[in-house]
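The residues making up each chain are set out below.
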Amino acid sequence: EQYPHSLQFYLEPPTESISLVEFESFAIDRLKLLKVVENLGVSYVRGTDLYKTKLEAELRKLKFPYRALAEDDYGARRKDHISHFILRLAYCQSEDLRRWFLQQEMDLFRYRFNELTENLMQKFLEHVNLPFEAIGEDLKNELANELCASTPGFNMSKVKEQMFYKVGLADAVDLFRARRVFIKDGFAYVPFKEIDVIVLNNYRTKLSKALALTARSLPSIQSDERLQPLLSHLSHAYVGPDYSVQKNTGKISLDQIDALSVKSFPLCMRQLHRALRDSHHLRHGGRMQYGLFLKGIGLTLEQALEFWKKEFIRGKVDADKFDKGYAYSIRHNYGKEGKRTDYTPYSCMKIIMSNPPGQGDYHGCPFRHSDPELLKQRLQSYKIPPSGITQILELVKGMHYQLACQKYFELTHDVDDIGFSLNHPNQYFTESQKILSGGRELKKDFNNSGNFQQKNNSQESLNSSSTPTSSNATADTELEGLEAYFTED
C-alpha cells in the first residue's frame, strides 16, 4: 500500500526511522546508480537496447526496482524511495549539485517510465494525478486526417495503431512549440510515444521545486551532528576501490616517474608533474593532490622525501629549509606525524568539488578548472586528434568532467570503450598500466608486413635541466618491471 507502483514522483518524504548504517548504504548505492546513468547517457544513445540492457543490469545488481511487474519487490521500492530523499538532501547544497542530480534522476525516470506497459502507464498517470484521457476509437477515426498531418513521422496506419491522449494545452507546451501535436478546443492530442515528454516535464518541475525547498531547510539539517558529516561526504563521495591500501609500495622507482607521467598519469597529475619539473615548486594544494597520488601508485615515504627534496632544492628552497618545513607535511601524509592519519589519495569528485585553484596553482581538475581555450591548446600539444578534442570539449561544456577524462584515456590509449566508470586518478593509472602491460585488449594497427603493432602515444618532451629526455624505447624498458604487478587482480 505504501508503494503501489515501482515508479513514483517522490512527493512524500519517508517517515520511518532507519539506522545510520542503512542511511549511508542506501545513499551510496543510489549514487553508484546515478553515476552509471550519467556514464551510459553519454556513452550510448538513450533508449537503445544496449543502453536499456546495461541500465537494467545495474538496477538488478544494486537491488532497485527494475521491472514494473516484479513481485515481492517491497524492499527494492522502499530503498528507491528512501535513497532518493537522502541524495536530495546531499545534492541540494549548490547549483552545480542540484543540476547534476536533477539530470540523472530525469534520465533514470525516463528509462523506467518507458518500460511500463500501456495499462501500467495509465495507472501510474492516475496515481500521480495526471489523468490524461486516452481517446476512443470513434474520436480517433474522426480526427485521423488531422492527427496524421500534425504528428511528425505518422501515416494513417500509425495513427490507427497508436493510442492518443487528450491533454490540456498547458501540459503540452513544448510539443506545441515544436509543432509536433494536434491542437483542438484547448486540448492537445498527444500520441503514446510522446506522452513521456509531458510526464518528464511535470516531474522536472516538481523535483526542481523540491530541491529548492530542501535547500532552504538545510540549516536545520546541518545542525544535526549525526547527519551533516554524512551528507557533506555524499556530495563529494567516491564509491570505488580504496587506493590508500598500497599493494604496490616500492614497485616504482623515481627514475620511472617522468615516463609514467606521459603514459599513465591522468591529465590533472600530468599537469602537476610538468609544473613541478618546470618551476621546481608546487604550492600546498598541488603538493597534497600530487603527493597523495604518488603515494597511491607506490612511492614509499623515503622515496617521496627524496623526490620532493631533489626537485625543491633545484629551485629556491635549500636542503635545510626543506627538512624543517616541507618534510613534515610529507611525513604527515604518510601517517608519521600529527594525528598519525594515513591520508587517502584524492578522488575525482574531491578534486572537482573542493579547493579550486587560484593564481599560480596547478592543482584541481583541468577539465573543470581550466579555460576551454587553454585546455584545447594543452590537448593539441599532447597530439590529441582534432575530433577527439572536440568530443572532450563538448563533454566539458556539458559539465561531464569525469567523462571528459574518460574520453582522454580512450584517446591516449587507443581503446574504443574502457568499459568502466572513471572516478579516481589512481584508478586511471592502474587501468593504464594494465593496458600497457597487455592486461586489457587494445585496438591494433597493422603495418605493411602484416604484423600488428600498438599505436605509440606521443611522448611529452621532458625538461632537460631536471631529467634526460626518454625515448619511447627507453620508457618501455623502464616500465617492464611493473608488468607483473599491474596484471594482478
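Residues numbered from 1 in each chain as written. Predicted model: local features only at pLDDT ≥ 70, side-chain atom pairs only at ≥ 80, totals over all residues. Heavy atoms only, no water.

A word on the overall build of the chain. Scanning the chain for helices and strands turns up 25 helices and six strands. In the chain, which comprises 489 residues, the proportion classed as buried is 49%. Taking contacts inside the chain between residues at least 6 apart in sequence as the whole, the part at least 24 apart equals 68%. (Helix = DSSP H or I, 4+ residues; strand = E, 2+ residues; numbered from the N terminus. Buried < 20%, exposed > 50% of the residue type's maximum accessible area, 1.4 Å probe, protein only. Contact = heavy atoms within 4.5 Å.)

Attention now goes to the pairing of strand β4 (residues 187-191). Extensive coverage of β4 is indicated by the burial of four of its five residues. Sheet analysis places strand β2 (residues 164-168) next to β4, joined by five bridges and oriented antiparallel. Along β4, the bridge assignment pairs Phe164 with Pro191. Looking at chain direction, strand β3 (residues 182-184) and β4 are connected through three bridges and run antiparallel. Bridging from a neighbouring strand, Ile183 pairs with Ala188 of β4. (Pairing = 2+ DSSP bridges.)

Taking the numbering used here, the UniProt-annotated feature "binding site: [4Fe-4S] cluster" (unreviewed entry) corresponds to Cys268, Cys348, Cys365 and Cys405. Taken together, the annotated residues stretch across 138 residues yet fold into one region, lying no more than 9.7 Å apart by C-alpha. As for the annotated residues named above, the ones lining the second largest cavity are Cys268, Cys348, Cys365 and Cys405. Position of Cys348 relative to the elements: it lies in helix α18 (residues 348-353). Cys348 has contacts with Gln402, Asn423, His424 and Pro425, leaving out every residue within four places of it along the chain. The topology assignment puts Cys365 in the loop between α18 and α19 (366-369). Dropping the residues within four chain positions of it, Cys365 is found in contact with Ile351, Ile352, Ser370 and Tyr401. (UniProt positions renumbered as here; feature names shortened; annotations may be inferred. 1 Å grid on protein atoms, 1.4 Å probe; cavity = no way out; pocket = protein on both sides within 12 Å on 5 of 7 lines; lining within 4 Å.)

What follows is about empty space enclosed by the protein. Here the structure, examined in full by the defined rule, presents four cavities of 30 Å³ or more. Space inside the largest cavity adds up to approximately 140 Å³. What lines the largest cavity is a set of 13 residues, among which Arg287, Trp308, Ser329, Ile330 and Asn333 lie closest to the centre. Secondary structure elements with two or more residues in the lining of the largest cavity: α15 (284-297), α16 (301-312) and α17 (319-333). The element best represented in the lining of the largest cavity is α17, accounting for five residues. For the lining of the largest cavity, the class distribution of residues is eight nonpolar, four polar and one charged. Considering only enclosed or pocket space, the second largest cavity measures out at about 100 Å³ in volume. Forming the walls of the second largest cavity are 13 residues, and the residues nearest its centre are Cys268, Cys348, Cys365, Cys405 and Pro425. Counting residues per element, the ones that place at least two in the lining of the second largest cavity are α14 (267-279), α18, α19 and α22 (401-413). Here the lining of the second largest cavity is composed, by residue class, of 12 nonpolar, one polar and no charged. (Points joined across faces, edges and corners; volume = space filled by probe spheres on them. Nonpolar A, V, L, I, M, F, W, Y, C, P; charged D, E, K, R; others polar.)

Turning our attention to the packing of helix α4 (residues 95-114) against helix α10 (residues 195-216). Running from N to C, α4 and α10 cross one another at 145°; their axes reach a closest spacing of 10 Å. Crossing geometry of α4 relative to α10 is assigned as right-handed. Between α4, through Arg98, Phe101, Leu102, Gln103, Glu105, Met106, Phe109, Arg110, Phe113 and Asn114, and α10, the contact on the second element is made entirely by Ile195, Asp196, Val199, Leu200, Tyr203, Arg204, Leu207, Ser208, Leu211 and Ala215. (Axes fitted to C-alpha atoms, helices over the stretch in contact; angles between N-to-C directions. Left-handed = near helix turned anticlockwise from the far one by under 90°.)

Turning our eyes to something else, we now look at the packing of α14 against α15. When two helices pack together, their arrangement is given by the angle between the helix axes and the distance between those axes. Between α14 and α15, whose axes approach to 10 Å, the crossing angle comes to 115°. What the angle tells us is that α14 and α15 run roughly perpendicular. Relative to α15, the crossing made by α14 is left-handed. Listed contacts from α15 to Cys268, Met269, Leu272, His273 and Leu276 of α14 are Gly286, Gln289, Tyr290 and Phe293. Its residues placed into classes, the contact of α14 with α15 shows six nonpolar, three polar and no charged. (Parallel < 35°, antiparallel > 145°, perpendicular 65-115°, else oblique.)

Counting through the fold element by element, His424 comes out in the loop between α22 and α23 (425-436). Classification of His424 by relative accessible area gives buried; the value is 1%. One polar contact links the side chain of His424 to the main-chain carbonyl oxygen of Pro345, over a distance of 3.3 Å. (Polar contact = N/O pair within 3.5 Å; in protein donor to acceptor, adjacent residues only side chain to side chain.)

This part is about the packing of aromatic side chains. Enumeration according to the criterion identifies 27 aromatic pairs in this entry. When the ring of Trp308 is compared with that of Phe312, the centres are 5.9 Å apart and the planes differ by 75°; the resulting orientation is edge-to-face. Here Trp308 and its partner Phe312 are both found in helix α16, four residues apart, which amounts to about one turn of the helix. When the centroid spacing of 4.8 Å and the interplanar angle of 80° are considered together, the rings of Phe409 and Tyr428 count as edge-to-face. Residue Phe409 is found in helix α22, and its partner Tyr428 is found in helix α23; the two are separated by 19 residues along the sequence. Grouping aromatic residues by their ring pairs yields a cluster made of Phe265, Tyr290, Phe293, Phe307, Trp308, Phe312, Phe322, Tyr326 and Phe429. For the cation-ring pair, Arg270 lies above Tyr382, with the distance from its terminal atom to the ring centre recorded as 3.5 Å. We note Lys295 situated over the ring of Tyr334; from NZ or CZ to the ring centre the distance is 5.4 Å. (Phe/Tyr/Trp six-rings, centres within 6.5 Å; stacked < 30°, edge-to-face > 60°. Lys NZ or Arg CZ within 6 Å of the ring centre and 35° of its normal.)

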